[in-house]
Amino acid sequence: MKRNQVAKTVFLTALTSTSLFAQTPAPLREGVWRGVFQAGQETIPFNFEVKAGNSVATTKLYLLNAREREELTDLTQQGDSVFVPIPLYDATLRFKREGADKLTGVYRSNSSGRDLPLAAEYGKTYRFEPGVTPTVKLSGKWDVNIERAPGDVNKTVGIFEQNGSRVTGTILTVTGDYRYLDGQVSGNEFVLSSFSGSSPSVFRGKFTDEGKFTGEFRYVRGGFTATGVKNEKAALPDLYSLTNLKPGYSKLDFTFPDLNGKSVSLNDPKYKDKVVIVTILGSWCPNCIDETAFLAPWYKANRKRGVEIIGLAFERKNDLTFAKTALSRLLKRYDVQYDILFAGIADKKVASESLPALNKVLAFPTTIIIDKKGNVSQIHTGYTGPATGAYYDEYVQEFNSHINQLLGDTPAPQASRQTVK
């Protein structure tokens, strides 16, 4: 090749490399963004914050819901697209840049392959478009009847806090809570939404009279109606009384494989003469994730006191390999060091049949505490998570008090309240 041809080739190669480098987009802009999911005719807004690192790989994204900051890491970039993994729910936010301040894309469920369209805009710190001055107060406790199907009414408790037009809160049920809801009141109407990595939802309502409202919850795949009546004495049934041992039983007896296929029994020597906490869970269950976030650090702080925990996992497929993959994300996220066994497919009837000493399994999670002699001492249906505020604090106190009583020794180390990231 002649000298001038070589020089030309080198020049063109350098120019191409420089152009490609120049076209490589910068990481997502640091600050607060407002995203909007488009679920059919329904729009579900959410907020997230970007904390830029030295590279895309070290950049972090936080999903924002009231007091919750759910951290997402390990972002990757391909051309003008940024991918944000959500390992706990086996999902990904897939963004495409539309300039520096706008994004389009989808929320993809990796297991099903389904996509939910979304768009996001930088610098919009509000959740819902600003409305008019509120004429009603949602603050306080409410009897909320949720009708999932005609005649199928669930009695729940709503707890809300309103400051100006902004309102936050949650719904307590016998199976758990609705986690962090965040929104606003405009005139005599309210709207709240939630997205912490799975199942974006929105709750809209309108006051029909003083202290009464009608509303609707909407999810990606549908919705259901709700009515509320203000009642500062609103309360759920006793969550320690809903699941019980059948007459003639005082103990549990089960054998299930661990995630490596080894059979583990409650009668194994490891659990002899110890207080044992058995939790019925699923990696797909948000309230179970909340409980795991509490139990994992609690176990590390208390295991030397003579306490063990066994998680009985019921998963989306009745397949050990599938379950191991699904559960590994949960175990890694919270550094779970107690035993997790695969108990079957995620179905309350299956769970009830797998534990014949129980009258019924009503909820994932259900937490069973067993004393040193192997007798069932307490059964708690559902989980009262950190979004419930004082209710969560009360549950943690009751939990520790009962464990202390069964151990008959000094109080537990300071309870590891779930960190709001």
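All residue numbers refer to positions counted from 1 along the written sequence of the respective chain. With the structure being a predicted model, the display of local features is reserved for residues of pLDDT at least 70 and the display and counting of side-chain atom pairs for 80 or more, all residues being used for whole-chain, interface and lining totals. Computation of side-chain values: all heavy atoms of the structure, hydrogens and water removed.

K.L.:
Account for the overall build of the chain, with residues named and values stated.
P.N.:
Helix and strand counts for the chain stand at 5 helices and 25 strands. Along the longest, intermediate and shortest principal axes, the C-alpha atoms of the chain span 95 × 60 × 40 Å. Split into buried and exposed, the 421 residues of the chain put 48% on the buried side. Working definition of accessibility: Shrake-Rupley area with a 1.4 Å probe, residue cover restricted to the visible protein chains. For the chain, the accessible area works out to roughly 20,300 Å², and carbon and sulfur atoms hold 51% of it. Counting from the N terminus, the helices are DSSP H or I runs at least four residues long and the strands are E runs at least two residues long. Under the scheme applied here, a residue whose accessible area is under 20% of the maximum for its type counts as buried, over 50% as exposed, and between as partly exposed, the area being computed with a 1.4 Å probe on protein chains only.

K.L.:
Give a description of the sheet that holds strand E6 (residues 81-86) that names residues and reports values.
P.N.:
As a general point, the strands of a sheet are linked pairwise by backbone hydrogen bonds and lie either parallel or antiparallel. Pairing is antiparallel in the open sheet, where 9 strands are placed in the order E4-E3-E2-E1-E9-E8-E7-E6-E5. What marks the edges here is a single partner per strand, and that holds for strand E4 (68-72) and strand E5 (76-78). The average undirected angle you get between the axes of adjacent strands in this sheet is 30°. Strand pairing is assigned whenever DSSP detects at least two bridges linking the two strands. Every axis in this analysis is a line fitted to C-alpha atoms, fitted for helices over the stretch in contact. Angles between the N-to-C directions lie between 0 and 180 degrees.

K.L.:
Report on the environment of leucine 245, specifying residues and quantitative values.
P.N.:
Mapped onto the elements of the fold, leucine 245 is located in the loop between strand E18 (222-230) and strand E19 (255-257). Relative accessible area serves as the criterion here: at 22%, leucine 245 is assigned to the partly exposed category. Contacts are assigned to residue pairs that have any heavy atoms within 4.5 Å of one another. Setting aside chain neighbours within four positions, we find leucine 245 in contact with Ser250, Lys251, Ala357, Leu358, Val376 and Ile379.

K.L.:
So, helix H3 (residues 320-334): which residues are in play, and what are the values?
P.N.:
Expected helix span is given by 1.5 Å per residue-to-residue step, counting one fewer step than there are residues. Helix length check: H3, at 15 residues, gives a terminal C-alpha distance of 21 Å against a target of 21 Å (1.5 Å per residue), a fit within 8%. Along its length, H3 shows its largest kink, about 25°, at leucine 327. Within H3 the residues assigned to the buried category are Ala323, Ala326, Leu327, Leu330 and Tyr334. Residues of H3 that are buried make contact with strand E21 (275-281), helix H2 (286-302), strand E22 (307-315) and strand E23 (339-345). Where H3 begins, the side chain of aspartate 319 points an oxygen toward the backbone nitrogen of threonine 321, at a separation of 3.2 Å. At the exit of H3 stands aspartate 335, carrying a positive phi of roughly 50°. Bend at a residue means the angle formed by two fitted axes: the first through the 7 residues ending at that position, the second through the 7 residues beginning there. Whenever two N or O atoms come within 3.5 Å, that pair is a polar contact, provided that in protein one can donate a hydrogen and the other can accept it, and provided that, for residues adjacent in sequence, both atoms are side-chain atoms.

K.L.:
How would you explain unusual backbone geometry if you had to name every residue and give the values?
P.N.:
Geometrically, the link from phenylalanine 364 to proline 365 is a cis peptide bond, its omega value of 0° lying close to zero. You can see proline 365 is positioned in the loop between helix H4 (348-354) and strand E24 (366-370). A positive phi is found at aspartate 74, a non-glycine position, where the angle reads about 60°. Within the fold, aspartate 74 resides in the loop between E4 and E5. By relative accessible area, aspartate 74 is classed as exposed at 53%. For aspartate 90, which is not glycine, the phi torsion reads 50° and is therefore positive. Examined against the element boundaries, aspartate 90 turns out to sit in the loop between E6 and strand E7 (91-97).

K.L.:
Let's hear about the pairing of strand E14 (residues 181-186): which residues, and what values?
P.N.:
Within E14, 6 of the 6 residues are buried, leaving the element largely enclosed by the surrounding structure. Sheet topology places strand E12 (residues 166-173) next to E14; 4 bridges connect them, and they run antiparallel. The partner of valine 167 across the bridge, within E14, is glycine 183. In sequence, E14 turns back onto strand E15 (residues 189-194) through a hairpin of 2 residues, with glycine 187 there showing a positive phi of about 60°.

K.L.:
Can you break down the pairing of strand E1 (residues 31-39) residue by residue, with the values?
P.N.:
Note: E1 against strand E2 (residues 42-51), 9 bridges, orientation antiparallel. Residue pairing across strands places valine 36 opposite proline 45, the latter belonging to E2. Taking the residues that link successive antiparallel strands as the turn, the E1-E2 hairpin has 2 residues, and the phi of glycine 40 there is positive, at about 65°. Here E1 runs beside strand E9 (residues 115-122); their pairing, made up of 5 bridges, is antiparallel. Of the residues in E9, the one forming a bridge with tryptophan 33 is tyrosine 122.

K.L.:
Give me the lowdown on the packing of H2 against helix H5 (residues 390-407), citing residues and values where you can.
P.N.:
Angle between the axes and distance between the axes are the two parameters that describe a pair of packed helices. Between H2 and H5, the least distance of the axes is 13 Å, while the angle of their chain directions is 40°. With respect to their mutual orientation, H2 and H5 come out oblique. Crossing of H2 against H5: the hand is right-handed. Residues Glu291, Phe294, Leu295 and Trp298 of H2 lie in contact with H5, whose contacting residues are Tyr392, Tyr395, Val396, Phe399, Asn400 and Ile403. Here the term charged refers only to Asp, Glu, Lys and Arg, the term nonpolar to Ala, Val, Leu, Ile, Met, Phe, Trp, Tyr, Cys and Pro, and the term polar to all other amino acids, Gly among them. Each residue belonging to the contact of H2 with H5 can be placed in one class, and the counts come to 8 nonpolar, 1 polar and 1 charged. The cut-offs work like this: below 35 degrees is roughly parallel, past 145 is roughly antiparallel, 65 to 115 is roughly perpendicular, and the gaps in between are oblique. By the definition used in this description, the sense in which the near helix is turned from the far one sets the handedness, with an anticlockwise turn below a right angle giving left-handed and a clockwise turn giving right-handed.

K.L.:
Break down the domain arrangement of the chain for me, citing the residues and quoting the values.
P.N.:
Parsing the chain into structural domains produces domain 1 (31-122), domain 2 (140-230) and domain 3 (255-407). Residue ranges for the domains trace back to a domain assignment, done automatically or taken from a database. Distance between the C-alpha centres of domain 1 and domain 3: 31 Å. The partner domain 3 presents 10 residues to the 6 residues of domain 1 that form the contact. Defined in terms of a 1.4 Å probe, buried area is the accessible area two parts forfeit on being brought together, summed over both. Approximately 650 Å² of surface area, both sides summed, lies buried where domain 1 meets domain 3, with 51% of it carried by carbon and sulfur atoms. Sorting the residues of domain 1 by area buried against domain 3 places Arg67, Leu88 and Tyr89 first, and these three jointly supply 67% of that buried surface. In what follows, salt bridge is the name for a side-chain nitrogen of Lys or Arg lying within 4 Å of a carboxyl oxygen of Asp or Glu. Taken together, the links from domain 1 to domain 3 amount to 1 salt bridge. Note that glutamate 70 is salt-bridged to arginine 333, the shortest N-O span being 3.4 Å.

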